[in-house]
Amino acid sequence: MDIVPHNIKQLRKYPNSEDIIPYGKHFIDEEDIQAVVNTLRSNNLTQGPLIEEFENAISQYVGSKYAVAVSSCTAGLHIACKSLDINSDSIVAVPTNSFVSTANCASFLGARIKFFDIDLDSLNISIDQVEEYLLCGNHLDLVIAVHFAGFPVELERLYFLSSKYGFKIIEDAAHALGSEQSNGRRIGSCDFSDLSVFSLHPVKSIAAGEGGVITTNDEEIYMSLLRLRSHGINKGSDELVNKEYAFTGDNKNLWYYEMRELGFHYRITDIQCALALSQLKKLNKFTARRNEIACYYRKKIESINFINPAQKESASFTSNHIFPVRIDFDALNIKRNDLMIYLRENLVYTQVHYIPIPIHPYYKKMGYEAKDFKNSMLYFKEALTLPLFYQLKNNQVDDVLEMLKTFFKKV
């Protein structure tokens, strides 16, 4: 029986990339290309003016006082933790449903990771469980709140708990550039957090190739971030300590700089920021189309048994970074991997977001057990991420869903 929908081509040995429907994909136009070309022809490929220009543009977009662009979101999370003095004495709360970097950034600093299960409606960290943990007399130094798929965490509620119990908040906003809080302000404004960290990976809201950006409203944190991303050196506003080496008379020595703390090489380039700046101009357009696609998916899958949107609420106020669904594989008596292989053979690439962090061998050997995170394991058992990206057409969504229905019937 032919089980390939009419618009999907059979897999060739070496399929053309334009025939593939990936789970996520960047969009690049001539304006983006020209922005990069102009930078390549300029005098500054790195440590030039476009970095600060991009940082200012991000701050203006999200409504924060400061922004610091870095080489990756993981780098941003790392120095965000470092800027808050997270260390081997710290206890850091991390949701189980995230990419490993959410936990790694605190583990780099020797912190103890306290994993929390997720809320099954939002797939974000269960604030109920965080509150229960604190009510029992336990302590947290930091909560890293992940806006999964761009769906905002209840930040105002978390901030209330932080005011009461004294922990800091970092928003892992890798998925959430373009999302809004319940008060209508954008994620990244840091109204209810100490820092927010975004990703500029190609499948995220905007692309810089690789890269990340941190936002904050705290000047002291901002100054620390500037040092931490560049070897502990800030040639800009830091007061110089070694006056005898720093000055000739009343004039600062042009060649002089000071390493104030142990930092890293986490700088982003002007080339990347040129692309990111050009992409940022299109962010509202990208977000609007992603919302249309997510709403279209939701409407269409209402008629398909055994499959549901993984996040129950409509996501019109989110960036819709991905479109995760839950499929009752047991009821259908099918294997997820068989479905994914079938889809890939027909040029549709799906993914699973995410393998719960505590079951990765590195963390499992520390004593974390899957049975302690029932919601995460239930979601993981049923999770599948369907294609969602700016250029995805409605008829392609139809084809993907027809494939799912056909496979369900076939088996």
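For the structure, check the block above.
Residues numbered from 1 in each chain as written. Predicted model: local features only at pLDDT ≥ 70, side-chain atom pairs only at ≥ 80, totals over all residues. Heavy atoms only, no water.

**What about the pattern of salt bridges?**
A pair can form between side chains of opposite charge whenever their charged atoms are brought close.
Phase 1: A complete count under the given rule lists 19 salt bridges for this structure.
Phase 2: Note that Arg157 is salt-bridged to Asp128, the shortest N-O span being 2.5 Å. In this pair, Arg157 is assigned in helix 6 (residues 155-165) and Asp128 in helix 5 (residues 127-135), connecting sequence segments 29 residues apart.
Phase 3: You can call Asp128 partly exposed: its relative accessible area is 48%.
Phase 4: Put simply, Glu131 and Arg157 hold a salt bridge, and the shortest N to O gap is 3.1 Å. Pair noted here: Glu131 is in helix 5 and Arg157 is in helix 6, with a separation of 26 residues, a long-range link.
Phase 5: Given a relative accessible area of 27%, Arg157 falls into the partly exposed group.
Phase 6: Look at the salt bridges and you will find they share partners, linking Asp29, Glu31, Asp32, Lys281 and Lys282 into a network. (Salt bridge = Lys/Arg side-chain N within 4 Å of Asp/Glu carboxyl O. Helix = DSSP H or I, 4+ residues; strand = E, 2+ residues; numbered from the N terminus. Buried < 20%, exposed > 50% of the residue type's maximum accessible area, 1.4 Å probe, protein only.)

**Comments concerning helix 10 (residues 283-301)**
Phase 1: Counted at 1.5 Å a residue, the expected span for helix 10 with its 19 residues is 27 Å, and the 27 Å between its end C-alpha atoms agrees.
Phase 2: Among the residues of helix 10, Leu283, Phe286, Thr287, Arg289, Arg290, Asn291, Ile293, Ala294, Tyr296, Tyr297, Arg298 and Ile301 are the ones counted as buried.
Phase 3: Structurally, helix 10 contributes buried residues whose contacts are with helix 2 (49-62), helix 9 (270-280), strand 10 (307-309), strand 11 (323-327), strand 12 (383-386) and helix 15 (394-410). (Expected span 1.5 Å × (residues − 1). Contact = heavy atoms within 4.5 Å.)

**Here's the deal with helix 15**
Phase 1: The terminal C-alpha atoms of helix 15 lie 24 Å apart, and with 17 residues this matches the ideal 24 Å at 1.5 Å per residue to within 8%.
Phase 2: Close packing links the buried residues of helix 15 with helix 10, strand 10, strand 11, helix 11 (329-332), helix 12 (336-345) and strand 12.

**Some thoughts on the sheet that holds strand 1 (residues 66-70)**
Phase 1: Overall, mixed pairing links the seven strands, which are arranged 1-7-6-5-4-2-3 in an open sheet. The open sheet has two free edges, formed respectively by strand 1 and strand 3 (112-116), since each of these has just one partner strand. Neighbouring strand axes in the sheet, compared pairwise and without regard to direction, differ in orientation by 20° on average.
Phase 2: Judged from the five bridges that link them, strand 4 (residues 142-146) and strand 5 (residues 168-172) form a sheet pairing that is parallel. The partner of Ile144 across the bridge, within strand 5, is Ile170.
Phase 3: Against the sheet, helix 2 touches strand 1, strand 6 (195-199) and strand 7 (212-216), its axis set at about 130° to strand 1.
Phase 4: This element, helix 3 (residues 73-83), spans strand 1, strand 4, strand 5, strand 6 and strand 7 of the sheet and lies at about 165° to strand 6. (Pairing = 2+ DSSP bridges. Axes fitted to C-alpha atoms, helices over the stretch in contact; angles between N-to-C directions.)

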